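The residues making up each chain are set out below.
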Amino acid sequence: MRWHWGVARSRYLAGGQSLIQSMKLRLSSAGGLVDLAALPDMRGIQVTADGVTIGAMTTHAQVAHSAELHAALPALAELAEGIGDPMVRNRGTLGGSVANADPAACYPAALLALGATVRTDRREVAADAFFTGLYETALEPGELVVSVRFRRPVQAAYEKFKQPASRLAMVGVFVARHADGVRVGVTGAKACAFRCAPLEQALTSDFSPAAAERIELPSGDMASDMHAGAVYRAALVSALAATAVMRALAR
Ligand SMILES: Cc1cc2nc3c(=O)[nH]c(=O)nc-3n(C[C@H](O)[C@H](O)[C@H](O)COP(=O)(O)OP(=O)(O)OC[C@H]3O[C@@H](n4cnc5c(N)ncnc54)[C@H](O)[C@@H]3O)c2cc1C
């Protein structure tokens, strides 16, 4: 059988936690579904001295419960612990979350802050070039996310203000202090996850909650909806960054 990646394109099915729901609501459709569940090579967590590689089909629960990851990169395990509810964590996957690029998903903030690299069946894409818009990524039709490699930071923490109904991020901020500077990934505040340069500069000079709190971000390009206005979201980014720094320092 030949799979078509065109108009009524076939889609990969990971845990179905986003795709099946959007198909049921008629927000998306597929000419066919290619189930990735039977590919064992796409699961697992490998920790090395300078990085962590996680297979695309690794579930949020597996990331959350990995003792090795809690030791090597606790901020990422904690992020996974805070995703959705037990069903979402047991079925949803890292690869599905990254490929779906929901504007309120947690992992994209971590990929940006941890200088991650997305490995596909065709190439490697730096996280900085991966998230391109609302539910849009650098992936080409039919391109498969195989794994994600994260840099290990000196200190890191993720803080999110949950949208109470979905538990997705109204705003989420991942702060990571690396040997060569601080990276800050933000989700929930714009059409897609982004790095926050003013916070990165301030925290690279002074890694303290007060330095984050002093940053007043412009609200002009922040998202505004029934849950939170743009000014509120802009204020949340700095406030959550300050709390994340506090937690990172307390480890
Ligand atoms: C109630 C609820 C609460 C949630 N709360 C949160 C939250 O707090 N934080 C958060 O981050 N997320 C949250 N989510 C989203 C959740 O993390 C999903 O797991 C995630 O969006 C992707 O689901 P999935 O892995 O099952 O992928 P699927 O739904 O199977 O696929 C999603 C999309 O990615 C594509 N895809 C899947 N795998 C690959 C791959 N390897 N390569 C290329 N394309 C691929 C599919 O074709 C599809 O287009 C929530 C979801 C629900 C339903």
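This one's a predicted model, so the numbers in the text were calculated from it and none came from an experiment. (Residues numbered from 1 in each chain as written. Predicted model: local features only at pLDDT ≥ 70, side-chain atom pairs only at ≥ 80, totals over all residues.)

J.: Can you help me understand the overall build of the protein in this one?
T.: Within the protein, the secondary structure is distributed over ten helices and 13 strands. For 251 residues, the compact-globule estimate of 2.2 N^0.38 gives 18 Å, and the C-alpha radius of gyration of the protein, at 18 Å, lies within 12% of that figure. C-alpha atoms of the protein, sized along the principal axes, occupy 60 × 45 × 30 Å. Counting across all 251 residues of the protein, residues that qualify as buried make up 43%. Long-range contacts, defined here as pairs at least 24 residues apart, represent 57% of the contacts in the protein between residues at least 6 apart. (Helix = DSSP H or I, 4+ residues; strand = E, 2+ residues; numbered from the N terminus. Rg over C-alpha atoms; globule rule 2.2 N^0.38 Å. Buried ≥ 20, exposed ≤ 12 C-beta atoms within 10 Å, placed from the backbone. Contact = placed C-beta atoms within 7 Å.)

J.: Would you mind showing me how to read the sheet that holds strand β10 (residues 155-162) here?
T.: Strand pairing in a sheet is mediated by backbone hydrogen bonds. Such pairs are either parallel or antiparallel. With antiparallel pairing, the four strands of this open sheet are ordered in space as β10-β11-β12-β13. The sheet is open, and its two edges are formed by β10 and β13 (194-195), each paired on a single side. In this structure, strand β12 (residues 181-187) lies alongside β13, joined through two bridges in antiparallel fashion. The partner of V186 across the bridge, within β13, is F194. (Pairing = 2+ DSSP bridges.)

J.: Is there a simple way to explain the sheet that holds strand β4 (residues 51-55) in this structure?
T.: Read across the sheet, five strands follow the order β3-β4-β9-β5-β6 without closing on themselves; strand pairing throughout is antiparallel. Edge positions in the open sheet fall to β3 (45-47) and β6 (124-126), since each of these has one partner strand only. Ignoring strand direction, the axes of neighbouring strands in this sheet form an average angle of 20 degrees. (Axes fitted to C-alpha atoms, helices over the stretch in contact; angles between N-to-C directions.)

J.: Is there a simple way to explain the pairing of strand β1 (residues 10-13) in this structure?
T.: Consecutive residues of a regular strand have side chains that alternate between opposite faces of the sheet. Strand direction decides the pairing type here: β1 and strand β2 (residues 32-35), joined by four bridges, are parallel. Note that in β2 the partner of S10 across the bridge is G32. The β-α-β motif built from β1, the intervening helix α1 (residues 19-24) and the parallel element β2 has right-handed crossover chirality. (Right-handed = clockwise from strand over helix to strand, strands pointing away.)

J.: What is the right way to read the site of the ligand from this model?
T.: Around the ligand, the surrounding shell holds 32 residues, and the nearest of these are G15, G84, G92, G95 and G96. The set of elements that each furnish at least two residues to the shell around the ligand consists of β1, α1, α5 (86-91) and α6 (94-100). The greatest single-element share of the shell around the ligand, amounting to five residues, is contributed by α6. In terms of residue class, the shell around the ligand is built from 15 nonpolar, 13 polar and four charged. (Near = placed C-beta within 6 Å. Nonpolar A, V, L, I, M, F, W, Y, C, P; charged D, E, K, R; others polar.)

J.: For this particular structure, what's the right way to read unusual backbone geometry?
T.: Among all residues save glycine, negative phi is the norm, and among peptide bonds the norm is trans. A positive phi angle is found at R26, which is not glycine, with a value near 60 degrees. Assignment of secondary structure puts R26 in the loop between α1 and β2. A count of 7 C-beta atoms within 10 Å places R26 in the exposed class. With phi around 55 degrees, Y135 is a residue other than glycine that occupies positive phi space. By the secondary structure assignment, Y135 is in the loop between β7 (131-133) and β8 (136-137). For Y135, a count of 17 C-beta atoms within 10 Å translates into the label partly exposed.

J.: I'm lost on the environment of S97 in this one. Help?
T.: The residue S97 is located in helix α6 in this model. S97 gets classed as buried once you count the C-beta atoms within 10 Å, which come to 26. For the pair formed by S97 and Y107, sequence separation is ten residues and the distance between their alpha carbons is 7.0 Å. Dropping the residues within four chain positions of it, S97 is found in contact with G92, A105 and Y107.

J.: Any chance you could explain helix α10 (residues 230-250) here in plain terms?
T.: Residues three or four positions apart in an α-helix share a direction because the helix packs 3.6 residues into each turn. For α10, which comprises 21 residues, the first-to-last C-alpha distance of 30 Å matches the rise-based estimate of 30 Å (1.5 Å per residue) to within 8%. Along α10, the residues that are buried comprise R233, A234, L236, V237, S238, L240, A241, A242, A244, V245 and A248. Looking at the packing, one finds that the buried side of α10 touches β10, β11 (169-178), β12, α8 (197-205) and α9 (209-213). (Expected span 1.5 Å × (residues − 1).)

J.: Whenever I open this one, the nonpolar core confuses me. Can you help?
T.: As a rule of thumb, soluble globular proteins bury nonpolar side chains together. Judged by nonpolar contacts, the single largest core of 73 residues is most densely connected at A110, V173, V175, V237 and A241. Discounting residues that sit within four places of it in the chain, V237 has contacts with V171, V173, V186, A189, C196 and L217. (Core = buried A, V, L, I, M, F, W, Y, C linked by C-beta atoms within 7 Å.)

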